[in-house]
Structures are given as C-alpha cells and as structure tokens.
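The primary structure of each chain is shown beneath.
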Amino acid sequence: MCGIVGYIGNQEAVPILLKGLKKLEYRGYDSAGIAVQGKMGLVVRKAKGLIKNLEEKISAESKNADEFCGFAGIGHTRWATHGEPSDVNSHPQTDASGKIAVVHNGIIENHGKLKEWLLSKGVTFQSETDTEAVANLIGFYYRGDLLQAVMEAVGRLEGSWGLGIICADEPDRIIAVRKESPLVVGIGKGENLIASDVPALLEYTREVYYLEDREIAVLFKDHVDFYSDEGQVIQKEKTHIEWDAASAEKGGYEHFMLKEIHEQPKALTDTLRPRLTAADTGGARKINLDEIGFDASWAQASRVVITACGTAWHAGVIGKYAFEHFARIPVDVDVASEFRYRDPILNPKDIFIIISQSGETADTLAAMRMAKKGGARIIAITNVVGSTLAREADLVMYTWAGPEIAVASTKAFTTQLMCLNLIALQFGVLRGVIKSAQLNEYINALEAIPAQAEKILKGKENIQRFASQQFNKGKVFFMGRLFDYAASLESALKLKEISYTHSEAFAAGELKHGPIALVDTSTLVVALCTQSKLFDKMESSITQVKARGAAVAVITYEDSDRFNNIADEVFRIPRTDDSLSPILSVIPAQLFAYYCAVQRGLDPDKPRNLAKSVTVE
Ligand code: G6P
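Keep in mind it's a predicted model, so treat the numbers as computed, not measured. (Residues numbered from 1 in each chain as written. Predicted model: local features only at pLDDT ≥ 70, side-chain atom pairs only at ≥ 80, totals over all residues. Heavy atoms only, no water.)

### A short note on the overall build of the protein
Looking only at helices and strands, the protein features 18 helices and 24 strands. Computed over C-alpha atoms, the radius of gyration of the protein comes to 25 Å, within 12% of the 25 Å expected from 2.2 N^0.38 for 617 residues, which places it in the range of a compact globule. Taken over the C-alpha atoms alone, the protein extends approximately 80 × 55 × 50 Å along its principal axes. The buried share among the 617 residues of the protein stands at 60%. If you sum the accessible surface of the protein, you get close to 23400 Å²; carbon and sulfur atoms cover 49% of it. (Helix = DSSP H or I, 4+ residues; strand = E, 2+ residues; numbered from the N terminus. Rg over C-alpha atoms; globule rule 2.2 N^0.38 Å. Buried < 20%, exposed > 50% of the residue type's maximum accessible area, 1.4 Å probe, protein only. Areas by Shrake-Rupley, 256 points an atom, 1.4 Å probe, with all protein chains shown as cover.)

### Here's the deal with the site of the ligand
Close to the ligand lie 14 residues, the nearest being Ser356, Gln357, Ser358, Thr361 and Ala611. Glutamine 357 places a main-chain nitrogen or oxygen 2.7 Å from an oxygen atom of the ligand. Side-chain polar atom of serine 358 to an oxygen atom of the ligand: 2.6 Å apart, as the coordinates give it. For the ligand, the accessible surface in isolation is 390 Å², of which the surrounding protein chains cover 90%. Here the shell around the ligand gets 3 residues from one element, more than from any other, and that element is helix α9 (residues 310-327). (Near = heavy atom within 4 Å. Polar contact = N/O pair within 3.5 Å; in protein donor to acceptor, adjacent residues only side chain to side chain.)

### Focus: the sheet that holds strand β8 (residues 174-179)
If you trace the 6 strands from one edge of the open sheet to the other, you get β5-β6-β7-β8-β12-β13, paired in antiparallel fashion. Each edge of the open sheet is held by one strand with a lone partner, namely β5 (93-94) and β13 (224-227). Bridging between β8 and strand β12 (residues 216-219) involves 4 bridges; their strand directions are antiparallel. Residue alanine 176 lies in a different strand from β12, and its bridge partner there is alanine 217. In this fold helix α4 (residues 131-141) packs onto β5, β6 (100-105) and β7 (161-167), with an angle of close to 140° to the strand it touches most, β6. In the packing of helix α5 (residues 146-154) onto the sheet, contacts are made with β7, β8, β12 and β13, and the angle to β7 comes to roughly 150°. (Pairing = 2+ DSSP bridges. Contact = heavy atoms within 4.5 Å. Axes fitted to C-alpha atoms, helices over the stretch in contact; angles between N-to-C directions.)

### A word on the pattern of salt bridges
Across all of its chains, the model carries 35 salt bridges by this definition. The shortest N-O distance in the salt bridge between glutamate 291 and arginine 275 comes to 3.3 Å. One end of the pair, glutamate 291, is in the loop between α8 (264-272) and β15 (303-308); the other, arginine 275, is in the loop between α8 and β15, and 16 residues separate them in sequence. What makes glutamate 291 partly exposed here is its relative accessible area of 47%. A single network of salt bridges, built from pairs that share partners, joins Glu109, Lys179, Glu180 and Arg273. (Salt bridge = Lys/Arg side-chain N within 4 Å of Asp/Glu carboxyl O.)

### Quick notes on the packing of helix α16 (residues 483-499) against helix α18 (residues 582-599)
Two measures define how a pair of helices packs: the angle their axes make with one another and the distance between the axes. Direction vectors running N to C along α16 and α18 enclose 20°, while the axes themselves pass 9 Å from each other. The angle between α16 and α18 places the two elements in the roughly parallel class. In the crossing of α16 with α18, the sense of the turn from one axis to the other is right-handed. Residues Phe483, Ala487, Glu490, Ser491, Lys494, Leu495, Ile498 and Ser499 of α16 pack against Pro582, Ser585, Val586, Ala589, Gln590, Phe592, Ala593, Tyr594, Cys596 and Ala597 of α18. Broken down by class, the residue content of the contact of α16 with α18 amounts to 12 nonpolar, 4 polar and 2 charged. (Parallel < 35°, antiparallel > 145°, perpendicular 65-115°, else oblique. Left-handed = near helix turned anticlockwise from the far one by under 90°. Nonpolar A, V, L, I, M, F, W, Y, C, P; charged D, E, K, R; others polar.)

### Looking at the nonpolar core
Core analysis: the largest hydrophobic core is formed by 119 residues, its most contacted members being Ile34, Phe294, Phe323, Ile353, Ile355, Ile423 and Phe427. Broken down by element, the residue count for this core peaks at 11 residues, all from α18. Non-local contacts of phenylalanine 427, meaning those with residues more than four positions away in its chain, are made with Phe294, Trp298, Ala299, Val304, Phe323, Ala327, Ile329 and Ile351. Counting 32 residues, the second-largest nonpolar core is a separate cluster that includes Val123, Ala133, Leu157 and Phe220. (Core = buried A, V, L, I, M, F, W, Y, C linked by side-chain atoms within 4.5 Å.)

### Description of the pairing of strand β21 (residues 502-507)
With 6 bridges joining them, strand β20 (residues 475-480) and β21 adopt parallel strand pairing. If you follow glycine 480 over to β21, its bridge partner there is alanine 507. This β-α-β element, β20 to α16 to β21, shows right-handed connectivity. (Right-handed = clockwise from strand over helix to strand, strands pointing away.)

### As for the packing of aromatic side chains
Tallied over the full model, the rule gives 17 aromatic pairs. Plain terms: the ring middles of phenylalanine 294 and phenylalanine 427 are 5.6 Å apart, the flat faces sit at 55° to each other, and that makes the pair tilted. Here phenylalanine 294 is found in the loop between α8 and β15, whereas its partner phenylalanine 427 is found in helix α13 (residues 411-430), with 133 residues between them in sequence. One exposure class covers both phenylalanine 294 and phenylalanine 427, and it is buried. (Phe/Tyr/Trp six-rings, centres within 6.5 Å; stacked < 30°, edge-to-face > 60°.)

### Topic: the side chain of lysine 475
Tracing the backbone through its elements, the reader meets lysine 475 in strand β20. Here aspartate 520 takes part through its side chain, which lies 3.3 Å from a polar atom of the side chain of lysine 475. Those residues within four positions of lysine 475 in sequence are excluded, and the remaining contacts are His502, Leu518, Asp520, Ser522, Thr523 and Leu524.

### Some remarks on the pairing of strand β24 (residues 569-573)
For β24, the tally of buried residues reaches 4 of 5 residues, placing the bulk of the element in the interior. In the sheet, strand β23 (residues 551-557) pairs with β24 via 5 bridges, with the strands oriented parallel. Each bridged residue has a counterpart across the sheet, and for alanine 553 the counterpart in β24 is glutamate 569.

### Points about the sheet that holds β21
As a general point, the strands of a sheet are linked pairwise by backbone hydrogen bonds and lie either parallel or antiparallel. Here we have 5 strands laid out as an open sheet, ordered β21-β20-β22-β23-β24, and parallel in their pairing. Across the chains shown, the open sheet's two edge strands, defined by having one partner strand only, are β21 and β24. The average undirected angle you get between the axes of adjacent strands in this sheet is 20°. By the bridge criterion, 5 bridges tie β20 to strand β22 (residues 523-529) in an arrangement that is parallel. Looking at β22, one finds that valine 476 is bridged to leucine 524.

### Re the packing of α4 against α5
In contact at an axis separation of 8 Å, α4 and α5 are set at 125° when each is read in the N-to-C sense. Considered as vectors, α4 and α5 are oriented oblique to each other. Here α4 and α5 pass one another in a crossing that is right-handed. Only Leu146, Ala149, Val150, Glu152 and Ala153 of α5 make contact with α4, whose side of the interface consists of Leu137, Ile138 and Tyr141. Residues belonging to the contact of α4 with α5 are distributed by class as follows: 7 nonpolar, no polar and 1 charged.

Dropping the structure here:
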C-alpha cells in the first residue's frame, strides 16, 4: 500500500503535492518523492524516510526558485514492496530516457519477466522496484502518444496497480490507470487531481470520480477524459464526498482498526496470489516461492523453530500445527523473550521462522541473532521491507498487508498465517508428504479465503449486536482444540488489548484442569468449533460451562447446525479445510473485540500502555 497524488492546474504543484502526501502518509511512510513538469523540464526529487525528509531535500537541492516548480506533477509516499526503502527505490520511477515518470501503488507480479525482456532490448534499469519495469515499458512503447503507450504497457502487466504517469513531451496532462489499487480523480476549478484516497483531495474539491479496474483517466487542467482499456471514451458518474477530513483518512471507517479488519480480503489476496502459479497456464497448480529464494535444501531441515512475540507468536502457534500437519516435521514454537534467555538447544540443521509485523521487535531480533549464531538458517515473515529482521534473515517472505496503523494487529496476523500455510505446504510437497492432487485442493481452499473473509465481514452487524449485550462481562474465556486452541489465543489477546476485559484462552481439554473453577454466571465463553473430528469433545466442554451459568458463543461453520441448541449465539464462517480455519475464525473475534472496545467508550486504535512496535526490552 502506498499513497499517490497528482496535480495539474494553475497553482504551484509542489506544495499541493506535499500537502496531499502528508494526508496519505498513513498508507506508507518509508520514502517519498515528487516529479514536476516545470521550466527545467521533468524534474524528480526523492528521499528515504518521512515526507519531511523530502521537503528538506527539495529546499536543499533547489537553489533557484525555478528549479523545482511547475503546474503539473505527481507524488508518492511509499510502503516498500520490491526493493528496500532508499532514495533510488523511491517513486517516481522514470524510464531510461528520464522523460516518463511513474508513481505506483500495488504489486507488478510479472515485473521480473518484463525486466528481463526489456534488458534484452537494451533498456537499462537502476532500481530494485517492480515500478521501474512499468516506467520502462511505457518508455519502450512511447512513440509520441502517451495514452497509446500506457495502454500498450498496461496490457502486459499482471498483478495490481494504481498508476500516475507524466511525460516530459506532453506536459499538459497526467494519466491515471488502476487495477485492484484505488485511485480517485478530483475535479476542481481550473485544476484536477488524482489520489489513492480522498483525504488528499478534500482541500481542493469534493467532486470526485472513482476509477474502476482498468479504466484510464487523462487529466488536463480544465477537463478530464475517461477511457476503457481499449481506448474507447467512457462516461462516468461523479460522486460528491460528504465525509469530514478525519473520517476520510480512515476510508469512512470510525477507526483504523475497523478499516484494517476490512482490508483483510485484499491483503490476503496480495499475499497469496504472487506465490501461486497461474490457474490459466494449464497443468497442476503449484506454490512458487522462488521469489524468496526458497529451494529444496530448506525442506531438509531436521526441525523448524518458530519464534516471535505477541500476535506474531500466536501466528507461530498456528504455524506449528500447520507444519506438523502438512509437512510432518517436528516444530517448536517459542516466545522470543523466553527463547533468548533460556538455554535452547540449537542445531545447524534447524530452520528458524521468525515472525514480526514490524521486523523491529527487540526480543524477536535478539532471538533471531541467537539462532543465527547457533548456525541455524533463518526465514523471516515480516510486513516491513528493509526492516532489521528483513535485512538480517537468510530468506524473507513479506506479508503484503500494507501499513498497519492500529496498535492491535489484525491484517498482519491473517497474512502471517497465509505465509505460514504457504511455506508449510511447500515443505510438505518437497518432503513428499503432499501429493499434487492434494495440493490442488489446498490451493483452491486458500484461494477461496479472501472472498470467505469478505462474507464474514458482511455479517458484522450480528457481532456488533452481540458485543452491545456482552461488553461489560467480567471475564471472557476463549476455548478450542487444535487449530481452534491456537486461534483462541489470538482472539483472547485482541479482546484484552483493546477492551481491557479480562480474557484468557485455553485448550478446551484443559477446562477441567483449572479454568472451570472460574466459570460462573458472569462469564462469557467463546468456543471455537472448526475441528470437525473433535466436535463431540467441544460439545461436552460447552455443556459443562453452560451448567455453571456461563453464556456461550460458538464460532463454527455456516453449514453446521451442530451447536445451535446449546449455544446462546452462533457466529458462522464459511466452510474451509479445518487446518486453514484460523484465518477465518479469528475475524469474528477481531470484530467482537473492536465493538466491545467501542461500546466501552475506548479508542481501539490506541490502547493504553501498549505500543505498535516494541523496540526496547
Ligand atoms: C506489540 C504489538 C503487538 C505485536 C507485538 C509484536 O506488542 O502491540 O500487536 O503483535 O508487539 O510485534 P511485531 O512487530 O514483532 O509483530
């Protein structure tokens, strides 16, 4: 996720672009850049870090007033995907001639092949970004008609993109085009703008067009033309924005957490899709982890150790179940702060999977360094390109969740699960545990998950209603077995973090070994029931807590009526393979935690005493 702005009109573009970028900084903040069409032609300024670094660079590098000013330009604030945050990898990216500049939000999945092809034609590259391939492709097709070149280039792209494009030879226009990454066109008086989100436009206009997939907008200062991907002129309907600036930043949601919960279908698709071979190429589907350098040697490990903190550790617990199930390999999972001070037994044949949304958690990094010292090889799962974890690990698999602003992790967690499932399945294939037909079934199940997540989100009112009845409960217990136990850990953490409700999770089989002593009429028990072979056992645990006066909510499959008669409330999730269910079953729990916090009058985005990234011990 990155932020794009573009301006063309009668005003000085640079200050408008900078202001717009600041409004979009929540979409990415590792580097920023601007390209402007001015008296000196097309000029680009870029800087690693926050937008203020770019501002400083612009004032330091523009010695005379004319050097970096003009009435048309594009800007970008980056959340790195391909290539670490650096000046050269920042956007705008230009083609080899320096005449075409591009800002991009999304992932070009076939950028490697495009780059290879362009290199074979003698085109040169400077950055590690996927975006540079787009700029060079447009440059390659440019024969004096930017729109034509953009259409030809975009026709060859695979993946997702929101693009803003300018060309030194056609300074009177900006072109915008998108697929699966948002772009809004703002209509002003004698000026027009593009942005990847409304907040960047609100100061100038409330009249916008939402660009649909593959539509193209050509912005001039006094009008905008819209085209289909085949170049036919299309008519679009204008939208008037009613939101205030603060809610616009959250995409109309009341809080970032709710927005991020809703971003999960997209984040899951982005994390999954580039790692699968295409469905339309014929033959059996495969998981492709070449991009991260994962080869057969990794699957020869004698043991996998997963280490992390907080939510990422919960992902690790689920990962253990997944690895054992899919790949039949021994797995230890460890809280990083314990691991680093224990006397762990390390073996050079171990593979460590270190999970961290931020890639900067102090305990997690210390655990990784210890494992490395012990000779183990490291796979990192992180959301931040160029983070310390990403830099120091042997292999990195990114969660393509985009920046997570709310302290409580949601989309980072489910995308971590997606990565773990992909690695575990690939281990299973390489170790001969999973055969091709079975893999196909798992791939189908994984591909169904984003739409299934969307379906759960559509039923959120039910959860909201339930939260409005239960938010004052003295204690809430989450219980389940196997994958459901692991998902219960994360569900309880969400509720505790943001609603300050005393909540705990336990393996349902442990009920009789302690937790049941605490169950009374003030207790809510949330039973996660997706492990079909253990439904009888879950039914018995539920009966026991009901007998002690607890209220019971069950999270189970929509096609099962098994728990209807014993639960006070049933939340339904679409059917999936039992071993993949946590990605879905945690979503009702996230929503429940969110709505409880809101009912209690708390700010779920900024829970007391907690920090997003814990870089000290
Ligand atoms: C903090 C955050 C949690 C997060 C944990 C680990 O406690 O509040 O949401 O799960 O750190 O963070 P990491 O960035 O390593 O995943």
